[in-house]
Amino acid sequence: MLARKSIIPEEYVLARIAAENLRKPRIRDRPRKARFIAKNGACNLAHKNIREQGRFLQDIFTTLVDLKWRHTLVIFTMSFLCSWLLFAMMWWLVAFAHGDMDPSTESATNSTKWTPCVTCVRSFTSAFLFSIEVQVTIGFGGRMMTEECPLAITVLILQNIVGLIINAVMLGCIFMKTAQAHRRAETLIFSRQAVIAVRNGKLCFMFRVGDLRKSMIISASVRIQVVRKTTTPEGEVIPIHQVDIPVDNPIESNNIFLVAPLIICHVIDKRSPLYDISAADLALQDLELIVILEGVVETTGITTQARTSYIAEEILWGHRFVPIVTEEEGVYAVDYSKFGNTIKVAAPRCSARELDEKPSILIQTLQKSELSHQNSLRKRNSMRRNNSIRRSNSVRRTNPSLIVPKVQFITPEGSQSASET
């Protein structure tokens, strides 16, 4: 603006802007690593350069189930049309070989001396209609089989078998696609963020899982894996190195009773990959924690699996999940609006290894939090006391009737003294 008004030369303005930009530190964000498992449970993996494509045709049923709905419907529609056209061509050839297409046989048919293989089949259109009637068992009454041609009976039997196979495959694929296990997993939810806090004197990694349906997941179990890029002592780079970490569960079978939302806890001990990670190091870690929930659907008996993952940016250090299960009129109520809500709590910022080596860190942290809590209570009480005094003073000022009058006392010597009561 100043350069346009010729107050400051334009060359000086450009030089000053360049100098300011050079002095300012440029902070570039660290490139975000691709997730191995998305938040909705989908695997972020692309298969490329697959040369043995014939393996998918060996298991054609699974291939049809894995296809998208539009592709499956197109395949079934084309299979029906192709089968109808194929057998229509066969019926037309049977009728042509028997001489049913000859116009001269029409008068012979009326005189009951000529018996066709299939009545009223005199063109390819009528043969196509008869093929549809045979395969879908629609009997309109105009076209029907006779016992004149054994070949036609063989074609009829073959078409019925092929039609039953196509119907069975179609019904099976539609049933499997509508009752797939991942459909039930849509109502199994995980908290958007995980937390690390102190539980029973130990640092724990925790997240919340819940089921929105009333039908339960039988024999539900939870597994946690850490996926990170590692390098072996021999120099081999493993881009996706999976390490199982234990889940704190008092039941030996590791099964959970998922009737209400639960907080799954992993104690960060010597066996945990998070043992040497502190709060400051967590943001710099290139790791991903994958959570897998498996169980059997109560209504269908199909095994289902729900997945999610947590990266370093989605783990809150020093937080705890708020309780969402309350008892109301003899019924346990779950407030899912607070499913992912957390509160900040006192937690040491050091790693679990340092906490095991120096247990006094936890005691000091708890003492500091207790002192800060007491100070906040004192400040809150003093503020409340001051507010009450101010309110009483304001009430006295606004209401003159509440002011106490002065009373004079007369002593025996006759002097007067005034005092307030």
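Going by the annotation in an unreviewed UniProt entry, the name recorded for the protein is KCNJ8 protein, with Ciconia maguari given as the source organism. Regarding the protein, the UniProt comment filed under Subcellular location (unreviewed entry) reads as follows: "Membrane".

Caption draft 1: Up close: the nonpolar core. Judged by nonpolar contacts, the single largest core of 39 residues is most densely connected at Phe205, Phe207, Leu289 and Leu293. If near-sequence neighbours (up to four positions away) are discounted, Phe207 is found in contact with Phe190, Ser191, Ala194, Val222, Ile224, Leu262, Ile263, Ile264, Val291, Tyr310 and Phe321. The next biggest cluster of nonpolar side chains, apart from the first, holds 14 residues, and it includes Phe87, Cys117, Ala127 and Ala152.

Caption draft 2: Highlighting helix α7 (residues 150-178). Helix length check: α7 (29 residues) gives 43 Å between terminal C-alpha atoms against 42 Å at 1.5 Å per residue, within 8%. What α7 keeps buried is the set Ala152, Val155, Gln159, Gly163, Ile166, Met170, Cys173 and Lys177.

Caption draft 3: A look at the packing of helix α4 (residues 69-98) against α7. α7 packs onto α4 with a crossing angle of 175° between their chain directions and a minimal axis gap of 11 Å. The angle between α4 and α7 falls in the class roughly antiparallel. Among the residues forming the contact of α4 with α7, the class breakdown is 18 nonpolar, six polar and one charged.

Caption draft 4: Geometry of the state of the cysteines. Summed over the entire model, instances satisfying the criterion amount to one disulfide. Disulfide pairing is shown between Cys117 and Cys149; the S-S distance is 1.6 Å. Sign of the S-S torsion, about -55° for the bond between Cys117 and Cys149, identifies this disulfide as left-handed. Highlighted residues: Cys117 in the loop between α5 (104-110) and α6 (124-135) and Cys149 in the loop between α6 and α7, separated in sequence by 32 residues. Here Cys117 matches Cys149 in class, with each residue buried. Free of any disulfide, Cys204 has its nearest cysteine sulfur in Cys265, 3.5 Å distant.

Caption draft 5: Broad picture of the pattern of salt bridges. Overall, the coordinates contain seven salt bridges when judged by the stated rule. Between Glu314 and Lys39 there is a salt bridge whose closest N-O contact spans 3.3 Å. Remark: Lys39 occurs in the loop between α1 (10-23) and α2 (54-58) and Glu314 occurs in the loop between β9 (303-311) and β10 (315-317); sequence separation between them is 275 residues. One exposure class covers both Glu314 and Lys39, and it is buried. A salt bridge links Lys202 to Asp356; its shortest N-O distance comes to 3.7 Å. Here the residue Lys202 occupies a position in strand β3 (residues 202-211), and Asp356 occupies one in helix α10 (residues 352-357), the gap between them amounting to 154 residues. Given the relative accessible area of 34%, Asp356 is considered partly exposed. Among the charged side chains, a network of salt bridges with common partners joins Arg35, Lys39 and Glu314.

Caption draft 6: Representation of the pairing of strand β4 (residues 217-231) in the model. Of the pairings in the sheet, the one linking β4 to strand β8 (residues 287-297) comprises ten bridges and is antiparallel in character. When the sheet's bridge partners are listed, Val222 is paired in β8 with Leu293. Pairing between β4 and strand β6 (residues 255-256): two bridges, direction antiparallel. The residue of β6 that forms the bridge with Ala220 is Ile256. Relative to strand β5 (residues 237-245), β4 is paired through seven bridges, and the arrangement is antiparallel. Residue Thr230 lies in a different strand from β5, and its bridge partner there is Ile238.

Caption draft 7: Looking closely at α4. Here α4 is 30 residues long and its end C-alpha atoms lie 44 Å apart, about the 44 Å a rise of 1.5 Å per residue gives. The set of residues buried in α4 consists of Thr72, Phe76, Phe80, Ser83, Trp84, Phe87, Ala88, Trp91, Val94 and Ala95. Buried residues in α4 make contact with α3 (60-66), α6 and α7.

Caption draft 8: Expanded view of the confidence of the model for the protein. In the predicted model, the protein carries a mean pLDDT of 78, and the fraction of residues at 70 or more is 78%. Put simply, strand β16 (residues 416-420) is where the protein has its lowest mean pLDDT, 45, and strand β11 (residues 319-321) is where it has its highest, 92. Within the model, the stretch residues 1-15 combines pLDDT values under 50 with six contacts to residues more than four positions away or in other chains. Long-range and interchain partners of residues 414-421, a stretch whose pLDDT sits below 50, account for 17 contacts in this model, where long-range means more than four residues apart.

Calculation rules
- Residues numbered from 1 in each chain as written.
- Predicted model: local features only at pLDDT ≥ 70, side-chain atom pairs only at ≥ 80, totals over all residues.
- Heavy atoms only, no water.
- UniProt positions renumbered as here; feature names shortened; annotations may be inferred.
- Core = buried A, V, L, I, M, F, W, Y, C linked by side-chain atoms within 4.5 Å.
- Buried < 20%, exposed > 50% of the residue type's maximum accessible area, 1.4 Å probe, protein only.
- Contact = heavy atoms within 4.5 Å.
- Helix = DSSP H or I, 4+ residues; strand = E, 2+ residues; numbered from the N terminus.
- Expected span 1.5 Å × (residues − 1).
- Axes fitted to C-alpha atoms, helices over the stretch in contact; angles between N-to-C directions.
- Parallel < 35°, antiparallel > 145°, perpendicular 65-115°, else oblique.
- Nonpolar A, V, L, I, M, F, W, Y, C, P; charged D, E, K, R; others polar.
- Disulfide = S-S within 2.5 Å.
- Salt bridge = Lys/Arg side-chain N within 4 Å of Asp/Glu carboxyl O.
- Pairing = 2+ DSSP bridges.
- pLDDT = per-residue confidence, 0-100.

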